[in-house]
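Listed below are the residues making up each chain.
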Amino acid sequence: MRRRSLQHDEQGRLRHLLTIEGLKRAQIVDILDTAESFISVGEQKVRKVPLLRGKTVVNLFFEASTRTLTTFELAAKRLSADVLKININTSATVKGESLLDMLHNLEAMQCDMFVVRHADSGAAHLIARHVAPHVSVINAGDGSHAHPTQALLDMLTIRRRKGEFAPLTVAIVGDIMHSRVARSQIHALTTLGVSELRVVAPKTLIPAAVESLGVHVCHDLDEGLRDADVVIMLRLQKERMQGALLPSEGEYFAHFGLTEERLAVAKPDAIVMHPGPINRGVEIASSVADGPQSVILEQVSNGIAVRMAVMSMTLGRPPADTAEVQAG
Amino acid sequence: MKISIQHGRLIDPANGIDTHADLHIADERIAGVGDAPAGFVADAHIDASGQVVCPGLIDLRARLGEPGGESGASIASETAAAASAGITTLVCPPDGEALIDNPAVADLIRHRAKLAGHARVLSLGALTQGLDGHQLAEMGALKEAGCIGVSNGLRAVENTQVMRRAMEYAASQGLTVFLHAEDPWLAAGGCAHEGAVSVRLGLQGIPEAAETIAVARDLQLIEQTGARAHFGLLSSARALRMIARARFDGLPVSADVAAHQLYLTEMDIGYFDTQCHVRPPLRTQADRDGLRQGLHEGTLGAICSDHRPHGADAKLAPFPASEPGISALETLLPLTLRLADEGLLSLSQALACVTQRPAEILGLLARGEGGSLAVGARADVCLFDPETYWELRAEEMHSAGHNTPFLGWELKGRVTACLLAGQITHHYCD
């Protein structure tokens, strides 16, 4: 058993970002504050700061992604890092020595950070366990486990809109079972101490023992949305219609799709979020996604600032001692 | 060759013996306990002062990695590891690297084990051809080739009619059916117990019901067919209670548990420790306690290693993609002894779980072919120092597989010598 947290260095600073679980409240707030300071960078004429000049960031994507990949790339470039993108054929099973061989080759090319997306839960932890001491790993989504930067950008979005977390009632609606986003959001929201956190879905999309994460389970959308301050809709993958999870898209939308009518039971100033990409008419009506309560596009732009914050904090750590400088 | 093992503490659960006495061996068999028989002159003496002398261990389930495997393990390497761990008889499941669904494979495994000479390897023959769950395997021929029982390994027989017929046919051949109870639909794609840990880590779970449903079905079929059956590798307390009830009702069923299930739970997965990826999965603390209780009450007769040696590559993967299994031969005895240390069982009861009880399940005890130190029984003997503490280290393991979550554990009880049919197969030197 490993007692010491894999994602912290000897000084307790963030070395990797693999999961929200285990981050202290102050640490999350610190990331959000740093992200806040980067938001202005995006609004300047020259959208660059030299924090990671001379560092090389590798986007290691074993699973297709457009938006996450793009925002990571933009974030790294705005920090003046060099960026390398490697798409690995998702059909090929990359495991064991072949995966580690590739990492060590990249390390030998003086890469400093791996941003990893992989279809298997635990992939980012595996990589973090085997990289050289000077390398940082950011989890950009592993299986159904975690997507910490997505959760952090959601927290930033909520904080910018709502201020304090303590009085909030938050509802996460949709495919909790398969969602790495939901798991990371749950850890973030419970750590930040919201008043009430609900997960809303039919039983087939709620994993066993989810209550152990500190959430209330609702199987009825009206009950789940009642007086909510924040409504987070999750993407429903088309393939969930197979495997006896749901009868049809139509039935799902009728019972769990977010429409203006359903949203009316939430607080009048409730915000609506979605990690994207949106399936319009499956989990959310266009009128809501594009409506006045939607903050979906804000989430996207906050994503760049949050990723800049995480990259600069992990990779830009001042060296603990001279030995580490030499190792770097 | 005549050997006297002197001054040891003789523990022979099958014969209710726990006393300080000498053990005398003539050629392959036990010749005397206590005083040497008249005219017995030993060619060699083993001083067992301060040591326990017990029957050689019998492991109901060990994969050996040959033929055709990539783990680097072979029958020779793994039986040598067994001897170093006091194990004299290993049962090889039909779904290892070699699929044992025809007499030639069974012959080959026995031949290679005999050539290596470190331990006896018994095979379980396939229940269905190619373990496909459709067509009955040639169980008669497999029995003639020496298979000790039949099993479909970890592959479920989905079709209930086929399972019923297979049990009926095995029963008429006088073969015990070794079952691994897991509903394939509920277990599909899973890699951890469905519960608090799987939800946290986003791992696809295997619910407890995967085991209980399969046990329920198979118990009904056992009752209907009159087959003699053994449930291997139980993982849930609830399934164990179902078997306890069936035994109470007089059904001829027995069950075993893998040693790691008595010490580890789902919590030990931590952050994706692939060494804790096993099948069936590690379950809750309540399950672990229930399994221990089952040993205490006797519902669980035997403890097996469920040995699965792997090369390093197999565990260097994201948790769901890593290979399940533990290289477990070398921890079987110390983990069993620990149950006595913790007060769950007496030392004799603990040793019975790896000697007498598996010998009964396999039908070896009545034939004097293991699990006993009675005069005339085959001289499979294990000697161990019960007070020695040692740390499990990868570089000191005998198995080709170093995949175990017990690395770094301080274990108590070290095997000092092992005899297989009167031949010394292992002798520990400091």
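Each value, and the rule that gives it
- Residues numbered from 1 in each chain as written.
- Chains lettered and ligands numbered in written order.
- Predicted model: local features only at pLDDT ≥ 70, side-chain atom pairs only at ≥ 80, totals over all residues.
- Heavy atoms only, no water.
- Helix = DSSP H or I, 4+ residues; strand = E, 2+ residues; numbered from the N terminus.
- Rg over C-alpha atoms; globule rule 2.2 N^0.38 Å.
- Buried < 20%, exposed > 50% of the residue type's maximum accessible area, 1.4 Å probe, protein only.
- Areas by Shrake-Rupley, 256 points an atom, 1.4 Å probe, with all protein chains shown as cover.
- Lys, Arg positive; Asp, Glu negative; His and termini not counted.
- Charge placed at Lys NZ, Arg CZ, Asp CG, Glu CD.
- Pairing = 2+ DSSP bridges.
- Axes fitted to C-alpha atoms, helices over the stretch in contact; angles between N-to-C directions.
- Contact = heavy atoms within 4.5 Å.
- Domains from an automatic or database assignment.
- Buried area = accessible area lost by both parts, 1.4 Å probe.
- Salt bridge = Lys/Arg side-chain N within 4 Å of Asp/Glu carboxyl O.
- pLDDT = per-residue confidence, 0-100.
- 1 Å grid on protein atoms, 1.4 Å probe; cavity = no way out; pocket = protein on both sides within 12 Å on 5 of 7 lines; lining within 4 Å.
- Points joined across faces, edges and corners; volume = space filled by probe spheres on them.
- Nonpolar A, V, L, I, M, F, W, Y, C, P; charged D, E, K, R; others polar.

Here's the deal with the overall build of chain B
Then comes step 1: Scanning chain B from terminus to terminus reveals twelve helices and 20 strands.
Then comes step 2: Its C-alpha atoms give chain B a radius of gyration of 21 Å, near enough to 22 Å, the size a compact globule of 430 residues would have.
Then comes step 3: Dimensions of chain B, computed from the C-alpha atoms along their principal axes, are close to 65 × 50 × 45 Å.
Then comes step 4: Burial statistics for chain B: of 430 residues in total, 62% are counted as buried.
Then comes step 5: In the structure as shown, chain B presents an accessible area of about 15,400 Å², 48% of it carried by carbon and sulfur atoms.
Then comes step 6: On chain B, the mean spot of the 33 positive side-chain charges and the mean spot of the 52 negative ones are 4 Å from each other.

Focus: the sheet that holds strand S16 (residues 253-258) of chain B
All names here are of chain B.
Then comes step 1: Pairing is parallel across the open sheet formed by eight strands, whose spatial order is S8-S9-S10-S11-S12-S15-S16-S17. Looking at strand neighbours, the two that pair on one side only are strand S8 (57-59) and strand S17 (302-304), the edges of this open sheet. Taking the axes of each pair of neighbouring strands and ignoring which way they run, one obtains an average angle of 30° across the sheet.
Then comes step 2: Relative to strand S9 (residues 87-92), S8 is paired through three bridges, and the arrangement is parallel. Its bridge partner lying in S9, Asp59 is registered against Leu90.
Then comes step 3: Lying on the sheet, helix H7 (residues 208-225) is in contact with strand S12 (177-179), strand S15 (229-231) and S16; it crosses S15 at an angle near 165°.

Points about the domain arrangement of chain A
Interfaces are often sized by the amount of accessible area the parts lose when they come together.
Residue and element names in this part refer to chain A.
Then comes step 1: With domains assigned, chain A is organised as domain 1 (25-146 + 301-327) and domain 2 (148-295).
Then comes step 2: Opposite the 27 residues of domain 1 that make contact, domain 2 presents 23 residues.
Then comes step 3: A combined buried area of about 2,000 Å² lies between domain 1 and domain 2, and 58% of that area is made up of carbon and sulfur atoms.
Then comes step 4: Connecting domain 1 to domain 2 are four salt bridges.
Then comes step 5: Among the salt bridges present, the one from Glu36 reaches Arg159, with a minimum N-O distance of 3.5 Å.

Regarding the confidence of the model for chain A
Then comes step 1: Per-residue confidence for chain A averages 90 on the pLDDT scale, and 93% of its residues sit at or above 70.
Then comes step 2: Overall, residues 322-328 of chain A carries pLDDT values under 50, and its contacts beyond four positions in sequence, including any with other chains, amount to three contacts.

Quick word on empty space enclosed by the protein
All names here are of chain B.
Then comes step 1: Scanning all chains against the criterion turns up two cavities of 30 Å³ or more.
Then comes step 2: By volume, the largest cavity is sized at about 130 Å³.
Then comes step 3: Arg61, Leu124, Phe178, Leu179 and Gly232 are the residues nearest the centre of the largest cavity, which is lined by 14 residues in total.
Then comes step 4: Tallied by class, the residues present in the lining of the largest cavity amount to seven nonpolar, five polar and two charged.

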